[in-house]
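Overview (structure and organization)
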Amino acid sequence: MERCLALELVSTIRHDGNGGVVDDLATAEQTAAWLATHGEPSAEATSGLTVDVPLHGEIIALRQAARALFARAVSPAPPSPADARRLIPAAEALELLNGCAAAEPVVPQLDWPGDGEPTVRLASSAGDTRTRLVATLARAVIDFLTGPDRARLRACTAPRCVRYFLKTHGRQEWCKPSCGNRARVARHYGRQRAATGT
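The paragraphs below set out a description of the structure included in this document. Keep in mind the model is a prediction, meaning the values are calculated, not measured.

**Some words on the pattern of salt bridges**
As enumerated under the stated definition, the model contains 6 salt bridges in all. The partner of Arg 14 in a salt bridge is Asp 24, with the nearest N and O atoms 3.0 Å apart. Of the two residues, Arg 14 sits in strand β1 (residues 13–15) while Asp 24 sits in the loop between β2 (21–23) and α2 (28–39), which places them 10 residues apart along the sequence. Between Asp 52 and Arg 130 there is a salt bridge, with the nearest N and O atoms lying 2.9 Å from each other. Here Asp 52, found in the loop between α3 (43–46) and α4 (53–74), pairs with Arg 130, found in helix α6 (residues 129–146); they are 78 residues apart in sequence, far enough to count as distant. Of the residues examined, Asp 52 reaches a relative accessible area of 30% and is grouped as partly exposed. Given a relative accessible area of 21%, Arg 130 falls into the partly exposed group.

Quick look at the structure:
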């Protein structure tokens, strides 16, 4: 499956396996570790970068905006339960996302290898790696929300799950098999309770 940086970013809020929610970006150190292992947009964007408290706050705010816009994308279905009570308004999320993306001046550059297809890349003129990183994450969210995968975006309906996922087949309701198992157990338990009247 192709890497989706936007989905990876919003998936840093996840079910912990014990009925709670964990934030993979809870601290600046955890954010640096996530960037190094899962979310690094490019070696160029993060080379020599230290994730301090202000940068950590920018990334958290961007993730909050992305999750608000993901919730809008899955509507009228309900958003992730992690977001249901604390979504920022869509206009605020759009302003934040667009502001982050616009902070890095970029120009499109055509790459066309002799034996391949032409592709476009964005060349940055920003010297600040922090700006490049946040703008790269913001552009990944914009690319996702304006691309064909947005139509397949869903919020997992399993009890206690807070993930968004890409639907890969017609009847898929859950982000992973364990969520499906948990949902079926919950339904079975609910039917048993209803039948016994407890």
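**Notes on the side chain of Gln 172**
With respect to the element layout, Gln 172 can be found in the loop between β6 (164–166) and α7 (177–196). Here Thr 168 takes part through its backbone nitrogen, which lies 2.6 Å from a polar atom of the side chain of Gln 172. Residues in contact with Gln 172, not counting those within four places in the same chain, are Phe 165, Leu 166 and Lys 167.

**A look at helix α5 (residues 90–102)**
Between the first and last C-alpha of α5 there are 18 Å, a value that for 13 residues agrees with the 18 Å anticipated at 1.5 Å per step. All of the buried residues along α5 are Ala 93, Leu 97, Cys 100 and Ala 101. Down the axis of α5, the smallest arc covering the buried residues is 100°, so these residues share one side. In α5, the exposed residues that point more than 90 degrees away from the buried face are Ala 91, Glu 95 and Ala 102. Structurally, α5 contributes buried residues whose contacts are with α4 and α6.

**Section: the packing of α4 against α6**
Where α4 meets α6, the axes come as close as 11 Å, and the angle between the chain directions of the two elements is 5°. In terms of orientation, α4 and α6 fall into the roughly parallel class. Across from Pro 54, Leu 55, Glu 58, Ile 59, Leu 62, Ala 66, Leu 69, Phe 70 and Ala 73 in α4, the residues of α6 making contact are Arg 130, Leu 133, Val 134, Leu 137, Ala 138, Val 141, Phe 144 and Leu 145. Of the residues contributing to the contact of α4 with α6, the split by class is 15 nonpolar, no polar and 2 charged.

**Brief notes about the nonpolar core**
Ile 59, Phe 70 and Tyr 164 are the most contacted members of the largest nonpolar core, which has 39 residues in total. Counting residues per element, the ones that place at least two in this core are α1 (5–10), α2, α4, α5, α6, β5 (153–155) and β6. Here the element with the most residues in this core is α4; it accounts for 10 residues.

**A few points about the packing of aromatic side chains**
Under the definition given, this model contains 2 aromatic pairs. Considering the side-chain rings of Phe 70 and Phe 144, the 5.1 Å spacing of their centres and the 25° angle between planes classify their relative orientation as stacked. Of this pair, Phe 70 sits in helix α4 while Phe 144 sits in helix α6; the two residues are 74 residues apart in sequence, bridging distant segments of the chain. For the pair Phe 70 and Phe 144, a shared accessibility class is recorded, and that class is buried. With centroids separated by 5.7 Å and ring planes inclined at 80°, the aromatic side chains of Phe 70 and Tyr 164 adopt a geometry described as edge-to-face. Remark: Tyr 164 occurs in strand β6 and Phe 70 occurs in helix α4; sequence separation between them is 94 residues. Members of the aromatic cluster, each reached through a chain of ring pairs, are Phe 70, Phe 144 and Tyr 164.

Cut-off values and rules
Residues numbered from 1 in each chain as written. Predicted model: local features only at pLDDT ≥ 70, side-chain atom pairs only at ≥ 80, totals over all residues. Heavy atoms only, no water. Salt bridge = Lys/Arg side-chain N within 4 Å of Asp/Glu carboxyl O. Helix = DSSP H or I, 4+ residues; strand = E, 2+ residues; numbered from the N terminus. Buried < 20%, exposed > 50% of the residue type's maximum accessible area, 1.4 Å probe, protein only. Polar contact = N/O pair within 3.5 Å; in protein donor to acceptor, adjacent residues only side chain to side chain. Contact = heavy atoms within 4.5 Å. Expected span 1.5 Å × (residues − 1). Arc of directions from axis to C-beta. Axes fitted to C-alpha atoms, helices over the stretch in contact; angles between N-to-C directions. Parallel < 35°, antiparallel > 145°, perpendicular 65-115°, else oblique. Nonpolar A, V, L, I, M, F, W, Y, C, P; charged D, E, K, R; others polar. Core = buried A, V, L, I, M, F, W, Y, C linked by side-chain atoms within 4.5 Å. Phe/Tyr/Trp six-rings, centres within 6.5 Å; stacked < 30°, edge-to-face > 60°.

Geometric values such as these leave the question of function open.
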